[in-house]
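Report on the structure
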Amino acid sequence: MPSADPSLVLTFEDARHLVEEHAKRLRPKGRELLALLDASGRVLAEPIHADRDFPPFPRATRDGYALRTVDVQNVPAQLEVVAEVRAGSALEGVPPLQPGQAIAIMTGAPVPSGADAVLMIEHSSRSQNRIEVKRSIAAGENVVPARAEGRRGDVLLPSGTRLDYACIAVAAAVGRSRVVVYAKPKVAVLSTGDEIVDVDVPPNPSQIRNSNTYSLAAQVHAVGGEAVLLPIAPDEPVRLRELLAEALECDLVLVAGGVSMGKYDLVEQELAALKAEFFFTGAKIQPGKPIVFGRVPCSRDASAQESDQVQSKYFFGLPGNPVSTMVTFELFVKPLVQALAGTHPQPLIFLSAKLTKSIQTKTGLKRFLPAQLSGEFENATVELIAWQGSGDIASVARSNCFVVIPPDRERIEAGELVPVLLR
Ligand code: AMP
Ligand code: MG
């Protein structure tokens, strides 16, 4: 069996890099045109261009007075207020500024020609049509020059951008009420195990309800894929192979359970029977050590780009312990779903927080332990959550991150900065 080959058990970093390398080769399949708000969370399949200059005119960023800085080299200085411009005022209607003059201006209004700065109203005092400038001011202050944010025709959002609220704002600002996005990739979710029953089946005392299919589907959705839920596969080769074949019609296959060294862990065997190529059959992590990553050659489907070419489909065999399933998805599966969804796979970045209670652990594996990040503002602190190991989903549900413990550390003292993976 492939899992017996120790050379296919990689360090966490090697396994992650390998997944990233494969993800780079994947492309999304279809496209669709959506109304802007329906596209929130989706991935652009076209670049979004500026339809005009941004800003189209020099824009005041404060309420105050547009002036010529040469007139106020020495403060206090007196200026005459000759006009007012408000947001929405037509550029043409604004008279050019003459020496010794100022124009009252509101945030968002066009700065009249001749003026080279906007004095904040707080730094002046006014009596009738005269102001006293109390503070010196440099050219350009409180003015965004025309075109500084983008020129007409510039790409403001490249194809492959996942549309978050800021991107939705950009699309709206350039008049795009509809956008072309990539179709969501179909990700098959296949849970295995004779002891597993589905949520609405009352389990007998020795049975376990299926939670993995649901956590995986939620994770797939969160990262931009569409989960295709298959029936639970028993630990029996014929039906398992049938369901694997069905799963392989999707763009990516996730199998949960059946990848450990047990007598009834048949997933790798059945994938091998489908001529699978295994890239790794384990990673030196806990939870999730028996994770499997590979691909299966598939006959070409109608949407494939290359003619006559045998396509292959990637699969993950995720350990069935529910926490292992969740963690291995976060660590390894995400880049493939992201690539199939059309985004550039995101790097995995750990943040740092101060540990509040020391940790005693064993060396040899990189550990991802459920924890609670608290504190406030710049003072992030973190503490492990008591848990009963890789089956304890309730403890993960109570956590908001994982503390990452390097494989060579046996003890980490309170007060140390430790890496955390947010969830
Ligand atoms: P396995 O990886 O198949 O050896 O499963 C490891 C553990 O995870 C066993 O205790 C299983 O009962 C449990 N398990 C496997 N699949 C699921 C599932 N779909 N939902 C909840 N628990 C599961
Ligand atoms: Mg099992």
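Everything below is about the structure shown above.
Predicted model only: the values in this text are computed from it and were never measured.

Our next topic: the sheet that holds strand E18 (residues 252-256). The six strands lie next to each other as E17-E14-E18-E23-E22-E19, forming an open sheet whose pairing is mixed. Edge strands, defined here as strands with exactly one partner in the open sheet, are strand E17 (226-229) and strand E19 (277-280). Along the sheet, successive strands turn relative to each other by an average axial angle of 25°, direction set aside. The pairing of strand E14 (residues 186-191) with E18 spans five bridges and is parallel. For Val189, the partnering residue across the bridge sits in E18 and is Leu254. Across the sheet, helix H3 (residues 212-222) lies against E14, E17, E18 and strand E23 (311-318), angled at about 160° from E17, the strand it touches most.

Below, the discussion takes up the site of ligand 1. As a matter of local geometry, ligand 1 sits amid 17 residues, with Glu195, Asn210, Ser211, Gly258 and Gly320 nearest to it. Between Asn212 and ligand 1, the recorded distance is 3.4 Å, taken from a side-chain N or O atom to a nitrogen atom. In the model, an oxygen atom of ligand 1 is placed 2.8 Å from a nitrogen or oxygen of the Gly320 main chain. Of the residues assigned to the shell around ligand 1, the class counts are four nonpolar, 10 polar and three charged.

In this structure, Asp265 sits in the loop between E18 and helix H5 (267-273). With no salt bridge to any partner, buried Asp265 finds its closest opposite charge in Lys263, at an N-O distance of 12 Å. In this structure the side chain of Asp265 is engaged in a polar contact, spanning 3.5 Å, whose partner is the backbone nitrogen of Ser260. Among the polar contacts listed, one links the side chain of Asp265 to the backbone nitrogen of Gly262, at a separation of 2.8 Å.

Taken in spatial order, the six strands make up an open sheet running E8-E5-E7-E6-E10-E9, and their pairing is mixed. Both outer strands of the open sheet, strand E8 (117-120) and strand E9 (124-127), are each paired with one neighbouring strand and no more. Sheet twist, expressed as the average angle between the axes of neighbouring strands with direction ignored, equals 40°.

Right, let's get into the side chain of Gln338. Structurally, Gln338 can be placed in helix H6 (residues 322-341). Setting aside its immediate chain neighbours within four residues, Gln338 contacts Val223, Thr343, Pro345 and Gln346.

Glancing now at the environment of Asn321. With respect to the element layout, Asn321 can be found in the loop between E23 and H6. Sequence separation between Asn321 and Leu79 is 242 residues; the distance between their C-alpha atoms is 75 Å. The contacts of Asn321, once residues within four sequence positions are left out, are Ser390 and Gly391.

Basis of the calculations
Each chain carries its own residue numbering, running from 1 in the direction its sequence is written. As a convention, the first chain written is A and the first ligand written is 1, with the rest following in written order. Confidence filtering applies because this is a predicted model: local features only for residues at pLDDT of at least 70, side-chain atom pairs given and counted only at 80 or more, and all residues used for totals across whole chains, interfaces and linings. Excluded from the side-chain calculations are hydrogens and water; all other atoms, namely the structure's heavy atoms, are used. The pairing criterion is simple: DSSP has to find at least two bridges between the two strands. Each helix is a run of DSSP H or I of at least 4 residues and each strand a run of E of at least 2, with the numbering of both proceeding from the N terminus. For helices, the fitted line uses only the C-alpha atoms of the stretch in contact; every axis is such a line through C-alpha atoms, and the angle between N-to-C directions lies from 0 to 180 degrees. Whether two residues are in contact is decided by their heavy atoms: any pair within 4.5 Å suffices. Throughout, near means a residue has at least one heavy atom within 4 Å of the molecule or strand. Polar contacts here mean pairs of N or O atoms no more than 3.5 Å apart (in protein, one a potential hydrogen donor and the other a potential acceptor; neighbouring residues in sequence count only if both atoms are side-chain atoms). Basically, the charged four are Asp, Glu, Lys and Arg, the nonpolar ten are Ala, Val, Leu, Ile, Met, Phe, Trp, Tyr, Cys and Pro, and anything else, Gly included, counts as polar. The buried label applies to any residue whose accessible area, calculated with a 1.4 Å probe on protein chains only, is under 20% of its type's maximum; exposed applies above 50%, and partly exposed to all values in between. By the counting scheme adopted, Arg and Lys are positive, Glu and Asp are negative, and His together with the chain ends is not counted. Salt bridges, as used here, are contacts in which a Lys or Arg side-chain nitrogen is within 4 Å of a carboxyl oxygen on Asp or Glu.

Fair warning: the whole summary comes from geometry, so function is off the table for now.
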